[in-house]
Amino acid sequence: QVQLVESGGGLVQAGGSLKLSCAASGSIFSINAMGWYRQAPGEQRELVATITSGGGTNYADSVKGRFTISRDNAKNTVYLQMNSLKPDDTAVYYCDAYVVRTPGYEYHYWGQGTQVTVSS
């Protein structure tokens, strides 16, 4: 099995910064794309940012220029540096990963989520 464990969430004032981490562990041969999503109360889960195994990135328009996604392939970990946070960024943040457990077989996993609250 594979587990994704997020950390780094919390309460921060508007304009502040937080860095989220998500570490994958278990039966892993390699990891393809990894990403961050968020879900605010009463809203659908939405994409925040994704990163390929080669480092290619994609961001939601709402976070471009403020958030940076990165990864450490040796540690099977993806990060989300969040700067200039706004109250609208308040949500539960989830990481995901497309994990190759044996060559030719890719599985999609989600983390359990970490709460980010931005006060005005």
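Up top you'll find the structure we're talking about.
Please read all numbers here as calculations on a predicted model, not as lab measurements. (Residues numbered from 1 in each chain as written. Predicted model: local features only at pLDDT ≥ 70, side-chain atom pairs only at ≥ 80, totals over all residues. Heavy atoms only, no water.)

Explain the packing of aromatic side chains to me, using residue names and the numbers behind them.
Taken as a whole, this structure holds one aromatic pair when the rule is applied. Aromatic side chains Tyr 37 and Trp 110 sit 5.1 Å apart centroid to centroid with 70 degrees between the ring planes, which places their arrangement in the edge-to-face category. Of the two residues, Tyr 37 is situated in strand β4 (residues 30–39) and Trp 110 in strand β10 (residues 105–110); the sequence distance between them amounts to 73 residues. Given a relative accessible area of 19%, Tyr 37 falls into the buried group. If you follow Arg 45 out to its NZ or CZ, it ends over the ring of Tyr 94, 3.7 Å from the centre. It is Arg 45 that lies over the ring of Trp 110; its NZ or CZ is 4.6 Å from the centre. (Phe/Tyr/Trp six-rings, centres within 6.5 Å; stacked < 30°, edge-to-face > 60°. Helix = DSSP H or I, 4+ residues; strand = E, 2+ residues; numbered from the N terminus. Buried < 20%, exposed > 50% of the residue type's maximum accessible area, 1.4 Å probe, protein only. Lys NZ or Arg CZ within 6 Å of the ring centre and 35° of its normal.)

Summarise the nonpolar core; cite the residues concerned and give the values.
Within the largest apolar cluster, 30 residues are counted, with the highest numbers of intra-cluster contacts made by Trp 36, Leu 80, Met 82 and Tyr 93. Tallying contributions element by element places strand β9 (residues 91–102) first for this core, with five residues. Those residues in contact with Leu 80, other than ones at most four positions away along the chain, are Leu 18, Lys 19, Leu 20, Trp 36, Val 48, Ala 49, Phe 67, Thr 68, Ile 69 and Tyr 93. (Core = buried A, V, L, I, M, F, W, Y, C linked by side-chain atoms within 4.5 Å. Contact = heavy atoms within 4.5 Å.)

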